[in-house]
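Read off the chains here:
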Amino acid sequence: PTRLRILEVMVQRQDPPWSVKELAAELQVPQTRLYHHVEQLLAHDVIRAVEQRVVSGIIETRYRAAALSFQLDRRLFEGDADEASRMLHDTLAAVFDTAREEIEAAMRSGTIDPSGGEGTERVMVARSLARLTPERAAAFRRRLAALQEEFAGEVPGAAPQPGGEPWGIVLAVYPLSPSPKDTDDD
């Protein structure tokens, strides 16, 4: 969860690059708590060191995210069932808690006005259920992924939009466990 939060912060503000001290202040955690996480992200090429400078006699390294969007490797959830379950829970909690916190902060700041007042943006939050064949579900996932890539700027050759502001995007498409009614053969 901490590494996900680091990435989200770095993606939201790409320039100037981040120091560990700035990340700690933004995440409201002690600076010493982040060094291990930053080293892990560097080791896996998820973030990159892009500049170094001397600050008060100490070399300060500044970092950037290596990409604007990330997808977790499904192998993280393989192996020991208890460990995989905990990893999945922690990952989902980090993603959805961060989205909730960002929406709440935007509402408190007036960036989002639930009434849709002049000069403010409206949040779109929706949850729905659909009955889809496996083929339609796959087509739906592909279309959502293409839209996410297009608007997140991950399409090869797509240039960042001048004057663009950060927007949060959370997508989840998943099959539901069958209800007893769905599995009833009577």
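Report follows, based on the coordinates. In this text, all values refer to a predicted model and were calculated from it rather than measured experimentally. Here the residue numbers are simple positions, counted from 1 along each chain's written sequence. Local features are withheld for residues below a pLDDT of 70 in this predicted model, meaning they are given only at 70 or higher, and side-chain atom pairs are given and counted only at 80 or more; totals for whole chains, interfaces and linings count all residues. In computing side-chain values, all of the structure's heavy atoms are included and hydrogens and water are not.

**A few points about the nonpolar core**
Using the following cut-off: The definition of a nonpolar core used throughout is a set of buried Ala, Val, Leu, Ile, Met, Phe, Trp, Tyr and Cys residues joined through side-chain atoms within 4.5 Å. Only protein chains enter the accessibility calculation, which uses a 1.4 Å probe; a residue whose area is less than 20% of its type maximum is buried, one above 50% is exposed, and one in between is partly exposed. Here a strand is any run of E in DSSP of at least two residues, a helix any run of H or I of at least four, and the numbering for each starts at the N terminus. Contacts are assigned to residue pairs that have any heavy atoms within 4.5 Å of one another.
Judged by nonpolar contacts, the single largest core of 16 residues is most densely connected at Ile-6, Met-10, Leu-23, Leu-34, Val-38 and Ile-47. At the level of secondary structure, the elements contributing two or more residues to this core comprise helix H1 (2–12), helix H2 (20–27) and helix H3 (31–43). Dropping the residues within four chain positions of it, Leu-34 is found in contact with Thr-2, Ile-6, Val-20, Leu-23, Ala-24, Leu-27 and Val-29.

**Here we look at the sheet that holds strand S3 (residues 58–65)**
Strands pair in a sheet through their backbones, by hydrogen bonds, and they do so in one of two ways: parallel or antiparallel. To keep it simple, the criterion reads: DSSP bridges decide pairing: two strands pair if at least two such bridges lie between them. Here an axis means a line fitted to C-alpha atoms, over the contact stretch when the element is a helix, while the angle between two N-to-C directions is reported on a 0 to 180 degree scale.
The 3 strands lie next to each other as S1-S3-S2, forming an open sheet whose pairing is antiparallel. Strands with a single pairing partner mark the edges of an open sheet, and in this sheet they are strand S1 (18–19) and strand S2 (47–55). Taken together, the 8 bridges between S2 and S3 define a ladder with antiparallel strand orientation. Across the sheet, Val-54 pairs through a bridge with Ile-59, a residue of S3. Here H3 sits on the sheet and contacts S2 and S3; the angle it forms with S2, its principal contact strand, is near 130 degrees.

**A few points about the pattern of salt bridges**
Test applied: Any carboxyl oxygen of Asp or Glu that lies within 4 Å of a side-chain nitrogen of Lys or Arg is treated as forming a salt bridge with it.
Throughout the structure, instances matching the rule amount to 12 salt bridges. In this structure, Arg-64 engages Asp-15 in a salt bridge whose closest nitrogen and oxygen atoms are separated by 2.2 Å. A residue pair is termed long-range when its members are at least 10 positions apart, and Arg-64 in strand S3 and Asp-15 in the loop between H1 and S1 qualify at 49 residues. You can call Arg-64 partly exposed: its relative accessible area is 30%. Several salt bridges share partner residues, and in doing so they unite Arg-13, Glu-22, Glu-51, Arg-53, Glu-60 and Arg-62 into one network.

**Remarks on the layout of surface pockets**
To keep things clear, this is the line we draw: Buriedness of a pocket was judged along seven lines, with at least five required to meet protein on both sides within 12 Å; pockets are open sets of points on a 1 Å grid over the protein atoms alone, cavities are sets where a 1.4 Å probe fits but cannot get out, and lining residues have an atom within 4 Å of a point. Grid points are joined across faces, edges and corners, and a volume is the space filled by probe spheres set on the points.
A volume near 260 Å³ is recorded for the second largest pocket. As for the second largest pocket, its lining consists of Ser-19, Val-20, Lys-21, Gln-31, Tyr-35, Glu-39, Val-55, Ile-58, Ile-59, Glu-60, Thr-61 and Tyr-63. Only H2, H3 and S3 provide two or more residues apiece to the lining of the second largest pocket. Considering each element in turn, the lining of the second largest pocket owes the most residues, 5 residues, to S3.

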